[in-house]
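Summary of the model geometry
Chain residues, written in single-letter form:
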Amino acid sequence: MLRFILVIAAVVPLTFALLPAHLLAKRFGWRAQRTIPQLYHRIVCALIGVRIHQVGRRCDGPVLILSNHVSWLDICVISAVAPVSFIAKSEVATWPVFGALARWQRTVFIDRQARHRTGEVTREIGARLQDGDAMVLFAEGTSSDGSRVLPFRSALVGAVHHAIGEQSGAEVAVQPMAVTYTGLSGLPIGRELRDRVAWYGDADLIPHFIALLSAGAIDVTVSWGDAVATSTTADRKQITRDAEQSVRRMCEAARRAGMRGAVAQRPATRPVPPPDVQAEPA
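In what follows, the accompanying structure is described. (Residues numbered from 1 in each chain as written. Predicted model: local features only at pLDDT ≥ 70, side-chain atom pairs only at ≥ 80, totals over all residues. Heavy atoms only, no water.)

Residues Trp 72, Leu 73 and Tyr 181 are the most contacted members of the largest nonpolar core, which totals 48 residues. For this core, the secondary-structure elements that each account for two or more residues are helix H1 (2-28), helix H2 (32-48), strand S2 (63-67), helix H3 (73-81), strand S5 (134-138), strand S6 (172-184), helix H8 (205-213) and strand S8 (218-224). If sequence neighbours within four positions are ignored, Leu 73 has contacts with Ile 48, Val 50, Tyr 181, Leu 212 and Ile 218. By size, the runner-up hydrophobic cluster in this structure holds 28 residues, among which are Ile 110, Val 121, Ala 163 and Ala 243. (Core = buried A, V, L, I, M, F, W, Y, C linked by side-chain atoms within 4.5 Å. Buried < 20%, exposed > 50% of the residue type's maximum accessible area, 1.4 Å probe, protein only. Helix = DSSP H or I, 4+ residues; strand = E, 2+ residues; numbered from the N terminus. Contact = heavy atoms within 4.5 Å.)

Below is the structure:
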C-alpha cells in the first residue's frame, strides 16, 4: 500500500501540471495534443515501474492499429511508446479518473448497444485518420487474461474505407500490434501471476488498480507487425483475420522471449560437493 500511495502522490501533481497545456493544445489544434499524452504516460509508466521492450517499428503517418487487450494498463503502455488515440466502449467514459483521461486523449467512444450508430462511429474514426491520427482499436472487443488472443472483430475496420473516402488511389495503413506482459517483480508471468496484471471479466477496477500499482516492476513487450496499405477494394474481414494471426504469433514470441530472459537472469546454482568419504582401515 505504501508504494501505491507514493505513486499516486507523484501522478496527481503531474496530471494537474500537464493538463492545462493539453487542454489548450486541444482547443487550438496544436500538435502538442498528441505529444503531451505520450510524455505523460511515459512518466506514469516510469513511476509505476513498467519496463517496456519494443519489437519492430510503428508505421509513420495515419494508421489504424489493431491490438489485443489485457489490462487497463495497456492504455499507459501503448501511449508511452506512440502518440495515439483510442477507440473504446462508451462505458469507459463514465469510469472515475480513467474516463477523464480517455476524453483528454481524444478517445472515440463506441456504444455497443446502438449498432445502428456503427456507421457514424466509423466515419468519425475515418475523419481522424484523414487528419493524420494513429488510432488504436482493441479488436477483440474486450480484455482477456493474456494467455491467448480472442477472435478479432471486423466491423470497425470499415473505418479505413471511410478514411479513404472519395480519394482515388488513396491508401491508409492497418498495422497489427501485440501487448504481452512477461514479468512481474522479476518473476515470469505464468498462470499464478496472470490475474495480477490482466484485468478482465468481472474483476473490480479499483482493487485491481491498487494491487497492480503496489506490485513492483512490470515487464511488457510491445510488438509491431507489418503494416498493410489498405484501399477501398480491400476485404476488411481478411485484413482482420491476418492481423489476428499476426498478433497471436507476436504474443507467443514475446512470451517465449520473456521466459528465456527470466531463465538467463537466474543466478547460477553451484553444485553441492559430495560429503567427504574416509576410507575404512583394512
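Two numbers describe how H2 lies on H3: the axes approach to 7 Å, and their chain directions differ by 120 degrees. Taken as axis vectors, H2 and H3 run oblique relative to one another. The way H2 lies across H3 gives a crossing that is left-handed. Where H2 approaches H3, its residues Gln 38, His 41, Arg 42, Val 44, Cys 45 and Ile 48 are matched on the opposing element by Leu 73, Ile 75, Cys 76, Val 77, Ser 79, Ala 80 and Val 81. (Axes fitted to C-alpha atoms, helices over the stretch in contact; angles between N-to-C directions. Parallel < 35°, antiparallel > 145°, perpendicular 65-115°, else oblique. Left-handed = near helix turned anticlockwise from the far one by under 90°.)

Let us look at the pattern of salt bridges. This structure, assessed with the given rule, holds eight salt bridges. Arg 51 serves as the salt-bridge partner of Asp 219, at 2.8 Å between the closest nitrogen and oxygen. A residue pair is termed long-range when its members are at least 10 positions apart, and Asp 219 in strand S8 and Arg 51 in strand S1 (residues 50-55) qualify at 168 residues. Here Asp 133 makes a salt bridge to Arg 128, at a shortest N to O gap of 2.7 Å. For the pair Asp 133 and Arg 128, a shared accessibility class is recorded, and that class is buried. (Salt bridge = Lys/Arg side-chain N within 4 Å of Asp/Glu carboxyl O.)

All right, on to a nonpolar patch on the surface then. Residues Leu 24, Phe 28 and Trp 30 make up a contiguous nonpolar surface patch of about 330 Å² in total accessible area. Tracing the sequence through the fold places Leu 24 in helix H1. (Patch = residues over 30% accessible without salt bridge, like charges linked within 9 Å, V, L, I, M, F, W, Y side chains within 5 Å. Areas by Shrake-Rupley, 256 points an atom, 1.4 Å probe, with all protein chains shown as cover.)

Turning to the side chain of Thr 107, a few remarks are in order. Residue placement: Thr 107 occurs in the loop between helix H4 (98-104) and strand S4 (108-110). Residue Thr 107 is classed as buried on the basis of its relative accessible area of 10%. Within the structure, Thr 107 has its side chain in polar contact with the backbone oxygen of Ala 102 (distance 2.8 Å). Residue contacts for Thr 107: discarding those within four places in its chain leaves Phe 86, Ala 88 and Ala 102. (Polar contact = N/O pair within 3.5 Å; in protein donor to acceptor, adjacent residues only side chain to side chain.)

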